[in-house]
Structures are given as structure tokens and as C-alpha cells.
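Structural features, examined
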Amino acid sequence: MKNRTNALKFVILLGIVSLCADATYEGGRSIAGVYLGVLGASGAVVGFVAGAGESIGLALRLFIGYISDKTQKFWGITTLGYILNTGAIPLLALTGRWETAAALLIVERTGRAVRSPPRDVLLSHAASQVGRGLGFGLHEALDQVGAVGGPLLVWAILSWQKGYQVAFATLVIPALVGLVILLITQKIYPNPREFESGTMELTREGLPRLFWVYLVAVALIACGYADFPLIAFHFQQIGLMENSTIPLFYAVAMATDAIAALLLGRWFDRNQVVAIAGAVIIAAFFAPLSFLGNSQLALLGMGLWGVGMGAQESILKAAVAAMVPMDRRGSAFGIFYLCYGLAWFVGSTLMGVLYDHSVMGLVIFSFVTQLAAVPVLLWVSKRFRLQ
């Protein structure tokens, strides 16, 4: 019981670290594109910076996952990632050229890639005590509090007409708070692996075959999931609502994400991979509601979109932690992120092309591709009882 209580405290502390980090970099990213434009960057530069950051992040996650397993320096690599991830944003307040700002934004994406695989491994150890679904779900819920709070803080500062530099500089507060809590957590729990001691044998074999099958489902889910910028673009193109209202729809999705992560986490702990299949079926209806419905149906669609994101950021990763041995989880999470990111990129590109030709074609592609993951998930569920 004491071990479970300590594990829950660890999950909460790591969740607060993520809350602070998300408040920092999501707050910064909410105005990063506009700020680059203010400094004189072109649209091509803004697109390049976004693409370069994500591309570097995808490749780096695979490498970092492997290095984490090899060195077992999960805390050190995680700390380095958070320093890069959150430290780059406040430094934007000191920039006067778009070139410098662009470099810092790429550093921020690099830091996020560095800390993600080892952080998830650390979280997986504690989650084994409290319930993997609950552990990853609670972490995602706290994470999303920061994802909403950071942009709102930036919006408030700009509303007070304090300027972009002040907004970026203010974000040093959550960045420092998060790093301090991270160091305190590391001191209190120097070896989170002890939470899972004796619950799974170590192995020097490769990743289980079922993991690779599971990645097929992950790729289908990611490929069929429309990114919010495309949804927002659709809202603007058809005049479904005032442009100023679109961020509120996104806020609804993020709030739903946080709540869904907690509820789906508990469902996962009871029904395991079946819970993921259920979440996919529910979330798939966001596409027809968001792209074909009126403003009321679109709002419901954004809520379902948030349910899907909550599942993808919590129980989709919880399953990886459950089916992969401890000494291979860093590599597994790295591969997971690479597969997910590449599929998301391919799907987003295809749906962008489809949108220009047929909104109905986009909706069918999104809906069918997501539901195609369901039989794969059920196949996985029948053949492996998660630990």
C-alpha cells in the first residue's frame, strides 16, 4: 500500500512538471508564428521552422529511446530534455532577429523529443503500481491543464498590451517551477524502477511481435486523425463561426482531452486494449460532425476530437508500457513516437489534399482509416493479456 501511495505521488509530481512545461512551450507556440512574422520572417520560413522542428523530433526520439535503454540514464536525459524544451521559450524575449527566434523554436522541439521517451519509461514504472491507464491518464490530464493555461496567460498579457517580449519573458516562471519540481522529484525518487521491482522479468530479447502488430493500429489511428489547424481552416473557410470563436472550440477539445484521459485510463485498467478500441470508435465520429455539421454539431465534434487526443496521449502509451519488458521500453517508446509521427504527417498531408477536392472524401478517409484500427486492436487484445 505504501509503495502504491509513493507511486501515485511520483505520477502527480511528474504530471505537475509536465503541466509547467506545457504552460511554457504551448504558451510560446501559441504566438510563435506571429512573432516570427513580426521579426520579418516569411511564410515559407514559418513553415520550414515548424516542419524542421517536428522532423528532427521524430528522428531524435528513436535515437534517444535507444540511448536511454543502453545507458539507463533516464533521469539525466529527461532533465536535459526539459531544460532545452522549456528554456528556449523565455529566451525568445531577448531575440531581435527571426533567425535567432527560429533557432530557439527548433531547440524547443528538440528538447521535447529528448525528454519524451525516457520520461515515459520513468512514468511507466510508477504506473505499474497505480494502474497503467490511471497513471498515464492522470499525467495527461495534468499536462493538458498547462496546455490550456499557458496560451491563456499569453493571451491575457497581450490583451494588457504588454507586448510579445513580456509574454515570452513571463513564461520563465512556469519553466523554472517545473525544473525545480523535476529536480526535487529526482532527489526523492532516484530510482523509479524500484516501483516495478519483481513485477516483470528482464530480457535481452528483442521487442515482442505483438508490439509491432500494435503499431499497425497506432499508425492507422494517427493517419486518420485530422490536425486541428485543418479543422480550424475549414471553420474559417465556410464561415461557420467568428474567427475569434475558433480558439474557444479548441479550448473545449483540450478540456475534454484532460477529462477523457482520466476516464479512459480507468477503463483501460479494467478492459485493457478493448478500451482503446472503444475510444477509437467514439472519437472517429469527430470527422463527420466537425466537417459536415453546423456550429452545434461541430462543437460536439471537437469534444469527440478531444476524447481521441486524450486516448492517444494516455492509454495508447500505457499499452506500450504493459506489453514491452522494462529494459526495452526506451527503444519501444522511441519507435512508437516515430511510427505515430510519420503516420500523422502522411495522414495530414493526404487530408489536406482531399480537402481541396472533396470534404466528403476527407471525412470518409478519416472515419474509415480510424475504424480500420479496431479489428487490429481486438486481435491484439485476444492474443495478449497485458500485465
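Fair warning: this is a prediction, and the values are worked out from it, not measured in the lab. (Residues numbered from 1 in each chain as written. Predicted model: local features only at pLDDT ≥ 70, side-chain atom pairs only at ≥ 80, totals over all residues. Heavy atoms only, no water.)

What follows is about the environment of G310. For G310, the position within the fold is in helix α13 (residues 295-312). Sequence-distant contacts of G310, that is, excluding residues within four places in its chain, are made with E140, D257 and A261. (Helix = DSSP H or I, 4+ residues; strand = E, 2+ residues; numbered from the N terminus. Contact = heavy atoms within 4.5 Å.)

With that out of the way, let us pick up the confidence of the model for the protein chain. As a note on interpretation, predicted positions should not be read in detail where pLDDT is low. For the protein chain, the average pLDDT comes to 86, and 92% of its residues sit at 70 or higher. In the model of the protein chain, helix α9 (residues 228-237) stands out as the element of lowest mean pLDDT, 77, in contrast to helix α7 (residues 172-188), which has the highest, 95. (pLDDT = per-residue confidence, 0-100.)

For the structure on display, the rule yields two cavities of 30 Å³ or more. Elements represented by at least two residues in the lining of the largest cavity include exactly α11 (273-283) and α13. Its residues placed into classes, the lining of the largest cavity shows seven nonpolar, three polar and no charged. (1 Å grid on protein atoms, 1.4 Å probe; cavity = no way out; pocket = protein on both sides within 12 Å on 5 of 7 lines; lining within 4 Å. Points joined across faces, edges and corners; volume = space filled by probe spheres on them. Nonpolar A, V, L, I, M, F, W, Y, C, P; charged D, E, K, R; others polar.)

To continue, consider the packing of helix α15 (residues 329-357) against helix α16 (residues 359-371). Two elements in contact, α15 and α16, have axes separated by 6 Å at closest approach and are oriented at 150°. It follows that α15 is roughly antiparallel to α16 by the angle criterion. Across the interface between the two elements, G347, L350, M351, L354, Y355 and H357 from α15 touch V359, G361, L362, F365 and S366 from α16. Classifying every residue of the contact of α15 with α16 gives seven nonpolar, four polar and no charged. (Axes fitted to C-alpha atoms, helices over the stretch in contact; angles between N-to-C directions. Parallel < 35°, antiparallel > 145°, perpendicular 65-115°, else oblique.)

Moving on to the pattern of salt bridges. Charged atoms that come close allow side chains of opposite charge to pair. Across all of its chains, the model carries five salt bridges by this definition. Between E108 and R109 there is a salt bridge whose closest N-O contact spans 2.8 Å. Of the two residues, E108 and R109, neither departs from the other in class, the shared state being buried. Across the salt bridge formed by K317 and D120, the nearest N and O atoms sit 3.8 Å from each other. Here the residue K317 occupies a position in helix α14 (residues 315-323), and D120 occupies one in helix α4 (residues 98-130), the gap between them amounting to 197 residues. Since its relative accessible area comes to 5%, K317 is described here as buried. Judged by its relative accessible area of 0%, D120 falls in the buried class. Through salt bridges with shared partners, one network takes in R119, D120, E313 and K317. (Salt bridge = Lys/Arg side-chain N within 4 Å of Asp/Glu carboxyl O. Buried < 20%, exposed > 50% of the residue type's maximum accessible area, 1.4 Å probe, protein only.)

Glancing now at the packing of α11 against helix α17 (residues 373-383). Axis separation between α11 and α17 bottoms out at 8 Å; the angle between their running directions is 170°. Judged by the angle between their axes, α11 and α17 are roughly antiparallel. In this structure, α11 uses V273, V274, I276, A277, V280 and I281 to contact α17, whose residues at the interface are V374, L377, L378, V380 and S381. Split by residue class, the contact of α11 with α17 holds ten nonpolar, one polar and no charged.

Together, V172, I173, L176 and V177 make up a nonpolar patch on the protein surface, roughly 330 Å² of accessible area in all. By secondary structure assignment, the location of V177 is in helix α7. (Patch = residues over 30% accessible without salt bridge, like charges linked within 9 Å, V, L, I, M, F, W, Y side chains within 5 Å. Areas by Shrake-Rupley, 256 points an atom, 1.4 Å probe, with all protein chains shown as cover.)

On to the nonpolar core, then. If you look at the biggest cluster of nonpolar residues, it comprises 114 residues, and the most contacted ones within it are F211, Y214, I231, I276, W305 and L377. Each residue touching W305, except ones within four places of it in the same chain, is listed here: Y225, A226, F228, I231, Y250, A253, M254 and F286. (Core = buried A, V, L, I, M, F, W, Y, C linked by side-chain atoms within 4.5 Å.)

In this section: the packing of aromatic side chains. All told, the structure shown has 16 aromatic pairs when counted by the stated rule. Geometrically, the ring pair formed by F10 and F195 is tilted, given 5.8 Å between the ring centres and 50° between the ring planes. Separated by 185 residues along the polypeptide, F10 in helix α1 (residues 2-38) and F195 in the loop between α7 and α8 (209-223) bring together distant segments of the chain. There is no split in this pair, since F10 and F195 are both buried. (Phe/Tyr/Trp six-rings, centres within 6.5 Å; stacked < 30°, edge-to-face > 60°.)

This brings us to unusual backbone geometry. With phi around 60°, Q72 is a residue other than glycine that occupies positive phi space. Here Q72 shows up in the loop between α2 (43-71) and α3 (74-91). Backbone geometry places Q272, a non-glycine residue, at a positive phi of 55°. With respect to the helices, strands and loops of the structure, Q272 is situated in the loop between α10 (246-271) and α11.

With that out of the way, let us pick up α4. Between the first and last C-alpha of α4 there are 46 Å, a value that for 33 residues agrees with the 48 Å anticipated at 1.5 Å per step. The largest bend in α4 is about 30°, located at S116, with the proline P117 one to four residues further on. With respect to burial, α4 is a largely interior element, 25 of its 33 residues being buried. Directly after α4, the chain includes G131, whose backbone phi takes a positive value near 110°. (Expected span 1.5 Å × (residues − 1). Bend = angle between axes of the 7 residues up to and from the residue.)

The next thing to look at is the side chain of H139. One can find H139 in helix α5 (residues 132-159). Accessibility expressed as a relative area gives 5% for H139, which makes it buried.

Within the secondary structure layout, L215 lies in helix α8. Accessibility expressed as a relative area gives 6% for L215, which makes it buried. Separated by 124 residues in sequence, L215 and C339 have C-alpha atoms that sit 7.1 Å apart. Residues within four places of L215 in sequence aside, it is in contact with I335, F336 and C339.

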